[in-house]
Amino acid sequence: MNQNIADTFKSARKIVIKIGSNTLAKADGTQNTDFMKSFALQCKKLIDQGKQIVVVSSGAQVSGVSTLKEWARKKDVHFRQALCAIGQVELMAQWRKAFAEQNLHIGQLLFTKDDFENEHRSLNIRNTLFTLADEGVIPIINENDSVSIDEFQIGDNDNLSALTAILWSADLLILFSDIDGIYTDNPKTNKNATLIETVENIEDLRKSITIGSTNAFGTGGIETKIQAAEKTTVYGIPMLLANGSKENILENLENGSSKGTLFLAK
């Protein structure tokens, strides 16, 4: 099967886009509002083409640190959950501003693992997503970090975005990270690492790469991205991993000028 990123992108009408904490944070840990504005503009162009967009946005804790800098070093779980509560408000305020510049409204949805495992709640999620998207509103989803405990925690937004894509019957899941895609090894420490542009067999992929640790701001790493691909591809939904920090990344993925790793649907 010879399928490239541009073809996959162009054929997709319903797209879930997950944005990681590193993409939403500047080097000093504060919010990258310039990225948010650019991203909103690119989404507007896709919507004008007839596509529907659902956003899974990390960054509540980053936003909390931006708001209450004196809490940045507090590691106690209650402080971290409180920081997420504060940061979620600021995060949504910035997303609202960014999309308002494109005359688009947003809607916030916060989930725990139990929401996806409960038949009635998951049906309500699906109906709400369909309604918002059909009305041209951008759903912005995050895990409900302020109330989630281990028992009810999804744990990372890579897997949350995969569950969302499946529930919404998306045509494509895009994960934005701070790397261009899956490499044979960590490209930051091994200059000979090469980008894997297409993945047909995830089991073979696991055997051929070195999986490192998580990054500075995020809760996920390469492992959670592969887990997300395992979830969606079984349901016929391809997944694309790309570098969200690159300029006009959505446009360039669509026209084929940016690279990434495309996990083909089964």
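Residues numbered from 1 in each chain as written. Predicted model: local features only at pLDDT ≥ 70, side-chain atom pairs only at ≥ 80, totals over all residues. Heavy atoms only, no water.

A word on the sheet that holds strand 5 (residues 172-177)
Then, in step 1: The eight strands are arranged 3-4-2-1-5-9-10-8 in an open sheet whose pairing can be described as mixed. The sheet is open, and its two borders are formed by strand 3 (106-111) and strand 8 (198-199), each paired with just one other strand.
Then, in step 2: The sheet contact formed by strand 2 (residues 52-57) and strand 4 (residues 138-143) spans two bridges and is parallel. If you follow V55 over to strand 4, its bridge partner there is I140.
Then, in step 3: Here helix 3 (residues 33-48) sits on the sheet in contact with strand 1 (14-19), strand 2, strand 4 and strand 5, set at roughly 155 degrees to strand 2.
Then, in step 4: Contacts from helix 8 (residues 157-168) reach strand 1, strand 2, strand 3, strand 4 and strand 5, with the element oriented near 155 degrees to strand 2. (Pairing = 2+ DSSP bridges. Helix = DSSP H or I, 4+ residues; strand = E, 2+ residues; numbered from the N terminus. Contact = heavy atoms within 4.5 Å. Axes fitted to C-alpha atoms, helices over the stretch in contact; angles between N-to-C directions.)

Focus: the pairing of strand 2
The side chains of a regular strand alternate between the sheet's two faces.
Then, in step 1: Here strand 2 lies mainly inside the structure; six of its six residues are buried.
Then, in step 2: With six bridges connecting them, strand 1 and strand 2 associate as parallel partners. Residue pairing in the sheet places V16 in a bridge with V54 of strand 2. (Buried < 20%, exposed > 50% of the residue type's maximum accessible area, 1.4 Å probe, protein only.)

Considering the side chain of Q88
Then, in step 1: Among the secondary structure elements, Q88 is positioned in helix 5 (residues 77-100).
Then, in step 2: According to the relative accessible area criterion, Q88 is buried, its value standing at 9%.
Then, in step 3: Side-chain polar atoms of Q88 contact the side chain of Q108, separated by 3.1 Å.
Then, in step 4: A distance of 3.0 Å separates polar atoms of two side chains, one belonging to Q88 and the other to N142.
Then, in step 5: Those residues in contact with Q88, other than ones at most four positions away along the chain, are A60, Q108, L110 and N142. (Polar contact = N/O pair within 3.5 Å; in protein donor to acceptor, adjacent residues only side chain to side chain.)

Some remarks on the nonpolar core
Then, in step 1: In terms of nonpolar packing, the biggest core is built from 35 residues, with V16, I141, I182, L205 and F263 touching the most fellow members.
Then, in step 2: Of all elements in the fold, only strand 2, strand 3, helix 7 (119-134), helix 8, strand 5, helix 9 (202-208), helix 10 (222-234) and strand 9 (239-243) reach the threshold of two or more residues within this core.
Then, in step 3: For this core, the leading source of residues is helix 8, giving five residues.
Then, in step 4: I182 has contacts with T194, L195, I196, L205, I209, I222, I226, L241, T261 and F263, leaving out every residue within four places of it along the chain. (Core = buried A, V, L, I, M, F, W, Y, C linked by side-chain atoms within 4.5 Å.)

Comments concerning the pairing of strand 3
Then, in step 1: Where burial is concerned, the two faces of strand 3 differ: the one with G107, L109 and F111 is buried and the one with I106, Q108 and L110 is not.
Then, in step 2: Relative to strand 4, strand 3 runs parallel, the two sharing six bridges. Among the inter-strand pairings, L109 is bridged to a residue of strand 4, identified as I141.

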